[in-house]
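Structural overview for review
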Amino acid sequence: MEPVNVFDYEALAQARMETAAWGFYHGGSDDEVTLRANRTAFERIRLRPRMLVDVTTCDIRTTVLGTSVNMPILVAPTAMHCLAHPEGECATARGVGRASTLMIASTVSTRTMEDIAQAASGPLWFQLYVFGGIRTSEMLVRRAEAAGYRAIVLTVDLARIGNRERDIRNNFNLPHIYEKQILLAKNCLRSRRRHLPSHGIRWHGCAQSHHCPYWSKAF
Ligand SMILES: Cc1cc2nc3c(=O)[nH]c(=O)nc-3n(C[C@H](O)[C@H](O)[C@H](O)COP(=O)(O)O)c2cc1C
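First things first, this report covers the structure right here in the doc. Note that this is a predicted model, so its numbers are computed, not measured.

About the criteria used
Residues take numbers from 1 onward in each chain, read along the sequence in its written order. Owing to the predicted nature of the model, reporting of local features is limited to residues with pLDDT of at least 70; listing and counting of side-chain atom pairs is limited to 80 or more, with chain, interface and lining totals taken over all residues. Helix and strand definitions follow DSSP, with helices as H or I runs of at least four residues and strands as E runs of at least two, each counted in order from the N terminus. Partly exposed residues are those whose C-beta has more than 12 but fewer than 20 other C-beta atoms within 10 Å; with 20 or more the residue is buried, with 12 or fewer it is exposed, and the C-beta atoms are placed from the backbone. Two strands qualify as a pair provided DSSP detects at least 2 bridges between them. Convention adopted: a line fitted to C-alpha atoms gives each axis, helices being fitted over their contacting stretch, and angles between N-to-C directions are expressed from 0 to 180 degrees. Note on contacts: residues are paired as contacts if their backbone-placed C-beta atoms lie within 7 Å. Nearness here is judged by the C-beta atom: place it from the backbone, and if it falls within 6 Å of a molecule or strand, the residue counts as near that partner. Three classes are used, and their members are as follows: Ala, Val, Leu, Ile, Met, Phe, Trp, Tyr, Cys and Pro are nonpolar, Asp, Glu, Lys and Arg are charged, and the others, Gly among them, are polar.

1. Overview of the overall build of the protein chain
Counting its regular elements, the protein chain contains 10 helices and five strands. The buried share among the 219 residues of the protein chain stands at 29%.

Here is the structure:
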């Protein structure tokens, strides 16, 4: 099947991926009520057609916080691209560069932030989870800066990971080989042991809210 839209790509991915990895990409928390609500929210967005205007050349370039992009579509931070393809985030970065838009690399990338930066030909931002200690975060930010990332996207809504029932059912765990590539495996794994419930991918849930005053000052 030749993919025609993003849902077609989804079906192709499902057919090729391990069930547990697919469950992580595709699933949400608990009964996935919010996941469905998010989809429905997108369906409520309407494009307002304007008639009798010159459409010989259409230009959808724009800027996001001062960064120029070819279209108003960015790649949101998403964890563990290597579950889908061995080149993982590096391949994503190449594709994003070709599309002349912007990628936000996740803290939970399965390629190092330096590798991703090397593969990228467009602007990169770095998404930061604040793991247990502020020193770890500071070190990640400095690494990102040195590798050429232009902004930090601070995730503040994940003091605890959701109760991802698909991951529990699928006994989803990152294969060891990828754990090693995660940006800061040692610290991620330490936090996941310390903070989190006993299932699947746990390292997202890290103490962060108590660092808010620090961050607001630092930024
Ligand atoms: C498979 C998957 C992995 C994600 N991983 C991360 C992540 O590592 N860091 C993060 O800040 N957000 C992560 N997110 C959240 C997304 O960046 C985004 O905020 C969320 O999908 C909502 O985006 P939307 O409003 O465009 O649907 C992830 C989302 C999905 C579906």
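Next comes the rest of the account.
2. Describing the sheet that holds strand 3 (residues 103-105)
The strand order across the open sheet built from three strands is 3-4-5, with neighbouring strands paired in parallel fashion. A single partner strand is all that each edge strand has here, and the edge strands are strand 3 and strand 5 (152-154). This sheet shows a mean twist of 35° between the axes of neighbouring strands, independent of strand direction. As paired elements, strand 3 and strand 4 (residues 124-128) share three bridges and run parallel to each other. When the bridges of strand 4 are listed, Ile104 appears paired with Trp125. On the sheet, helix 6 (residues 134-147) packs against strand 4 and strand 5 and is oriented at approximately 175° with respect to strand 4.

3. Concerning the site of the ligand
Every residue close to the ligand is listed here: Tyr25, Asn38, Ala76, Pro77, Thr78, Ala79, Ser106, Val108, Gln127 and Thr155. When its residues are assigned to classes, the shell around the ligand shows five nonpolar, five polar and no charged.

Treat this as a map of the structure, not an account of what it does.
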